[in-house]
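Listed here are the chains, written in short residue letters.
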Amino acid sequence: GSFPCMLFALLCAFSSAVAVAALPAERLWVPPVNCTAAAPAAIFYNRIPKAGSTSLKHIADKFALEQLRYPRYSSRDFFTWGWLGPEAEATLARNISQTYLQQQHMFYDQHVRFIDFAKHGLPMPAYINLMRDPVERVISSYYFFLRGRSNKRTQHEKLLGAQFNWTIEECLERADECTWLRLYRDQEMNLQTKFFCGHAAECQTDSDAALTLAKEHLVHKYFFVGLVEYYRESVYLLEQLLPVYFEGGTYWILQRNRNYNKADTVSAAARTTLREMNRLDVELYELAQDLFAAKVHQCLAQDVPPLVAPQVEKGR
């Protein structure tokens, strides 16, 4: 049968009796070997805006707050998307590590770029993340700015004026006039590359050097990176690799029976423009797709199924 059917048939058979890998005392995590489960002391989800992060965070909320499996900390410092200098990065690394070094198991999430704890002499947490098709992520972010956050809608409408009713096609076609693009282009375009690159000097601007470092971090510094377009499969793999934190996650999202929406209808021309504007993210995402497909094949002896529709909840 197809991979999705096989996946859901396995849910009831999934067992927590997967052997937990022994972790060296000097480190909080080691990269997973094949599909051996691990129980790192700290999970750091440096979640990317508009890349399914709220959906995955809800799973952590349920297991941490309702089932009391582990403490979960979520930074409210929303405006930390940007690049930090060495001193600011070191301060943030110390503050976060003071939290997770005191816990047997801890889940921490924040909208923040990759922090190299080891560079500051601190143990590395187990990094996880979700990535999303770069074009879909920007489209989602644009319309979330217009439609989401009802408490900020009046503020955004005042900021944009008549442009508040513009489609993203109108914004791109009239780029010199588009206020959203003028204000948020540097923040929104190639955002996933920025998040994986971190705070090194080459991460200050969109460049091939930033992309190279982002790829290195993606491959060597992250315990697991899932894909929004394969959200259910990503959660199931997290159950296998990190059962302490995610066991039961797939069953829970199936029980919720949430509706998943197709992407906003956007013209092919606009999508082409967005791909060009997000060249670094497109290349990084292609690598993430390859890594994810390899992990699916490795863990489940199956190929990734053809993508029918995005598995992202409305507003996420």
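Our subject is the structure that appears above.
Residues numbered from 1 in each chain as written. Predicted model: local features only at pLDDT ≥ 70, side-chain atom pairs only at ≥ 80, totals over all residues. Heavy atoms only, no water.

Lay out the pattern of salt bridges in plain terms, naming residues and giving numbers.
Taken as a whole and judged by the stated rule, the model has eleven salt bridges. Across the salt bridge formed by Lys57 and Asp61, the nearest N and O atoms sit 3.9 Å from each other. Pair noted here: Lys57 and Asp61 are both in helix α2 (residues 53–66), with a separation of four residues, about one helical turn. The two residues Lys57 and Asp61 agree in class, both being buried. The partner of Arg279 in a salt bridge is Asp208, with the nearest N and O atoms 3.1 Å apart. You can see Arg279 sitting in helix α14 (residues 279–300) and its partner Asp208 sitting in helix α9 (residues 208–220), a full 71 residues away along the chain. Its relative accessible area of 44% is what places Arg279 among the partly exposed residues. (Salt bridge = Lys/Arg side-chain N within 4 Å of Asp/Glu carboxyl O. Helix = DSSP H or I, 4+ residues; strand = E, 2+ residues; numbered from the N terminus. Buried < 20%, exposed > 50% of the residue type's maximum accessible area, 1.4 Å probe, protein only.)

So what's going on with the sheet that holds strand β5 (residues 222–227)? Residues and values would help.
Strand order across the open sheet formed by five strands is β2-β3-β1-β4-β5, with parallel pairing between neighbours. A strand with exactly one partner marks an edge of an open sheet, and here the two such strands are β2 (72–74) and β5. Across the sheet, the axes of successive neighbouring strands diverge by a mean angle of 20 degrees, strand direction being ignored. Bridge analysis of β2 against strand β3 (residues 106–109) gives three bridges, and the strand direction is parallel. Looking at β3, one finds that Ser74 is bridged to Asp109. Lying on the sheet, helix α3 (residues 86–100) is in contact with β1 (42–45), β2 and β3; it crosses β3 at an angle near 155 degrees. (Pairing = 2+ DSSP bridges. Axes fitted to C-alpha atoms, helices over the stretch in contact; angles between N-to-C directions. Contact = heavy atoms within 4.5 Å.)

Hey, could you go over the state of the cysteines for me, with residue numbers and the actual values?
Here the structure, examined in full by the defined rule, presents three disulfides. Across a sulfur-sulfur distance of 2.1 Å, Cys171 and Cys178 are joined as a disulfide pair. When the S-S torsion is -90 degrees, as for the bridge of Cys171 with Cys178, the disulfide is left-handed. On the basis of relative accessibility, which here comes to 0%, the residue Cys171 falls in the buried class. (Disulfide = S-S within 2.5 Å.)

Go over the environment of Ser140 with me, naming the residues and quoting the values.
Tracing the chain through its elements places Ser140 in helix α4 (residues 134–147). Exposure remark for Ser140: the relative accessible area of 12% places this residue in the buried category. Through-space distance from the C-alpha of Ser140 to that of Lys50 is 6.6 Å; in sequence the pair is 90 residues apart. Here Arg132 takes part through its side chain, which lies 3.3 Å from a polar atom of the side chain of Ser140. (Polar contact = N/O pair within 3.5 Å; in protein donor to acceptor, adjacent residues only side chain to side chain.)

So what about the environment of Thr91? Which residues, and what values?
Topologically, Thr91 is positioned in helix α3. Along the primary structure Thr91 and His120 are separated by 29 residues, whereas in three dimensions their C-alpha atoms are 9.4 Å apart.

Give a description of the side chain of Glu89 that names residues and reports values.
For Glu89, the position within the fold is in helix α3. A polar side-chain atom of Glu89 sits 3.2 Å from the main-chain amide nitrogen of Asp116. Setting aside its immediate chain neighbours within four residues, Glu89 contacts Leu84, Phe114, Ile115, Asp116, Lys119, His120 and His199.

Can you explain the packing of aromatic side chains? Please cite residues and give values.
As enumerated under the stated definition, the model contains 16 aromatic pairs in all. With centroids separated by 4.9 Å and ring planes inclined at 20 degrees, the aromatic side chains of Phe44 and Tyr127 adopt a geometry described as stacked. Taken as a pair, Phe44 in strand β1 and Tyr127 in strand β4 (residues 126–131) lie far apart in primary sequence, 83 residues in all. Residue class for Tyr127 comes out buried when judged on its relative accessible area of 0%. Judged by centre distance (6.5 Å) and plane angle (50 degrees), the rings of Phe117 and Tyr127 are tilted. (Phe/Tyr/Trp six-rings, centres within 6.5 Å; stacked < 30°, edge-to-face > 60°.)

Before we move on, can you summarise helix α7 (residues 179–188) with the specific residues and values?
Within α7, the full set of buried residues consists of Thr179, Trp180, Leu181 and Glu188. Considered in projection along α7, the buried side chains sweep an arc of 140 degrees and stay on one side of the axis. Structural note: α7 exposes Arg182 and Asp186 on the side pointing more than 90 degrees away from its buried face. Where α7 is buried, its residues touch α4, α5 (153–160), α6 (168–173), α8 (191–197) and α13 (268–277). Backbone geometry just downstream of α7 places Asn190 in the positive-phi region, at approximately 55 degrees. (Arc of directions from axis to C-beta.)

Run through the packing of α4 against α5, naming residues and quoting values.
One way to put it is that α4 packs onto α5 with a least axis distance of 8 Å and a crossing angle of 105 degrees. For the element pair α4 / α5, the angle class is roughly perpendicular. Side by side, α4 and α5 meet where Phe145, Leu146 and Arg147 of the first sit next to Arg153, His156, Leu159 and Leu160 of the second. Tallied by class, residues from the contact of α4 with α5 come to four nonpolar, one polar and two charged. (Parallel < 35°, antiparallel > 145°, perpendicular 65-115°, else oblique. Nonpolar A, V, L, I, M, F, W, Y, C, P; charged D, E, K, R; others polar.)

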